[in-house]
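Spelled out from the first residue to the last, the chains are:
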Amino acid sequence: MPKVTYVHPNGAREVLDVPVGTSVMRAAIVNGVDGIVAECGGEMMCATCHVYVEPEQLDRTPPQSDDEKAMLEFTASERKPNSRLSCQLVATPELDGLVVYLPETQV
Amino acid sequence: MPAPVAAVIGAGQAGFQAAASLRDGGFAGRILLVGDEPVLPYQRPPLSKSYLAGQSRVDDLWLRPAEFYAKQQIDLVYGDPVIKIDRGQRRLRLASGIEFSWDHLVLATGAGCRLLPVPGADLDGVLALRTLSDADALRQRLNGSSEVVVVGAGFIGLEFAAVALAAGARVRIIEITHHPMGRVVSAAVSRFFTEAHTGWGAEVALGTGLARILGSGGRVTGVETTDGRRIAADLVLICVGVSPNAALARDAGLAVDNGIVVDEYLRTSDPAISAIGDCANFPTPFALTRVRLESVQNAADQGRCVADRLSGRPVPYQKVPWFWSDQGDLKLQIAGITTGHDNSVLRGNPADRNFSVFCFRGARLIGVESVNRTADHVIARRLLAGDPVLSPEQASDESYDLRAHARRLADR
């Protein structure tokens, strides 16, 4: 099962086994990782599941849709080139070892 | 002095958010969250969309896992409705007889489906859709139904109609007005969705009410419309809107008028009691009248607003309203409240299934309805959060850069 590491702003790390087909957002919610709010439940109506992807791994992540690009304008923390909505990062074997950094705030 | 107790009645999106944000925001006392449904707090929007269609599982619906509440020291009690609020003693009583005392009370009691008092409404196969158990019953029933009648063409009815059609049923929609979703969207968007559903194969009868529901042996067999037509059905969904759950508040002597009346800080007529979410009737800068909104955005933002106040950071509630609806391959996104607009312009072309309707009252932009056009929706939310200076000419000119326009306004 792909492993995903969530790094909190204070540097604390949590590693989860994320089933293929499950999003990085949903896995965080189900496992009680603080720092992902996911208000709209993955409908791309909010930007409260914002994460920063480890820059070296960006090319392994699926491309951003126009909707995701648009909604990333609403992140409460600074939008960076490696900003993603974690509801759009659905686990695949290629994403095994993914590291995402949680922003200071989601709202 | 003992630590204060904040009690939240109702464990939907609003109640959950209030409880979570109280703890997150440093509220020092006990947090009690009481829900009447026998399950963990869950998201409602998927019930008429992905969950109904079998594309998501019940585990995907929980707002947080069970452990969250223990970890956050939120005392979650569910499946035990509150039956009485005692304002004098500041206590509340649950159906099981348990009593709790409180210092702050937050009413997040939600809304319930309106019933249609027509003959046959109690027949087997006549369903409503509000709760997880409603959705489970509907999903099970849909599997094996071939003729579906949807009574009421609002968001829920149309979302369900699209799912039922995709499941292979014959779908007829009857709507008493001439404008599906007409309470919340412009005529252009209403017409567009009517045509879309017709194009997918649903039969849409406008200006048509329900006279009675027909049955045999206790089971539904069809409906009779107000114009005397009979339509066969083995499943009838009644979705003619909701009424706010305000009985507890009314019994406690609080002001109630289309929901529980609150001020801009979401306080009821008793300042120790707040009301949030679908049940709250509140003043807003986004409409000329008080409103009561049924949406995830409103529930979550009001939950945070009340939590902030109870944690010592009072701010009036002034968040930009937004809504969405998924129907077939169409995503409708609404920013602001477009009810009461007197002028509207199109951006994009409905024939391309990619357009927005910018709604104005006088010269002022009051809301934007977008179909498969998230970029416009995002800009609209940004514009409406400030003074939305935008002319209809700019809005309708696709060569005019709205994003840059919004940036310039924000930088002013």
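Residues numbered from 1 in each chain as written. Chains lettered and ligands numbered in written order. Predicted model: local features only at pLDDT ≥ 70, side-chain atom pairs only at ≥ 80, totals over all residues.

1. Here's the deal with the overall build of chain A
Along the backbone of chain A there are 2 helices and 5 strands. What you see in chain A, going N to C, is helices and strands ordered as β-β-α-β-α-β-β. Against the compact-globule benchmark of 13 Å for 107 residues, chain A has a radius of gyration of 12 Å, which places it among compact chains. Counting the 107 residues in chain A, one finds 44% classified as buried. Considering only contacts within chain A whose residues lie at least 6 apart along the sequence, 66% involve residues at least 24 apart. (Helix = DSSP H or I, 4+ residues; strand = E, 2+ residues; numbered from the N terminus. Rg over C-alpha atoms; globule rule 2.2 N^0.38 Å. Buried ≥ 20, exposed ≤ 12 C-beta atoms within 10 Å, placed from the backbone. Contact = placed C-beta atoms within 7 Å.)

2. A word on the confidence of the model for chain B
For chain B, the mean per-residue pLDDT works out to 96, and 100% of the residues sit at or above 70. Interface predicted TM-score (ipTM) for the complex: 0.93; the corresponding pTM is 0.96. (pLDDT = per-residue confidence, 0-100.)

3. Observations regarding the interface of chain A and chain B
In this assembly, 16 residues from chain A lie in contact with 17 residues from chain B. At the level of secondary structure, the elements contributing two or more residues to the side of chain A that touches chain B comprise helix H1 (24-30) and helix H2 (66-71) of chain A. No other element matches H2 of chain A, which puts 4 residues into the side of chain A that touches chain B. Each residue belonging to the side of chain A that touches chain B can be placed in one class, and the counts come to 8 nonpolar, 2 polar and 6 charged. (Nonpolar A, V, L, I, M, F, W, Y, C, P; charged D, E, K, R; others polar.)

4. Considerations on the nonpolar core
Residue and element names in this part refer to chain B. Of all hydrophobic cores here, the largest spans 155 residues; its most connected members are Val8, Val236 and Ile260. With 8 residues, the top contributor of residues to this core is helix H4 (residues 155-166). Ignoring sequence-local partners within four residues, the contact set of Val8 consists of Gly15, Ala18, Ala19, Leu32, Leu33, Val34, Val106 and Ala108. (Core = buried A, V, L, I, M, F, W, Y, C linked by C-beta atoms within 7 Å.)

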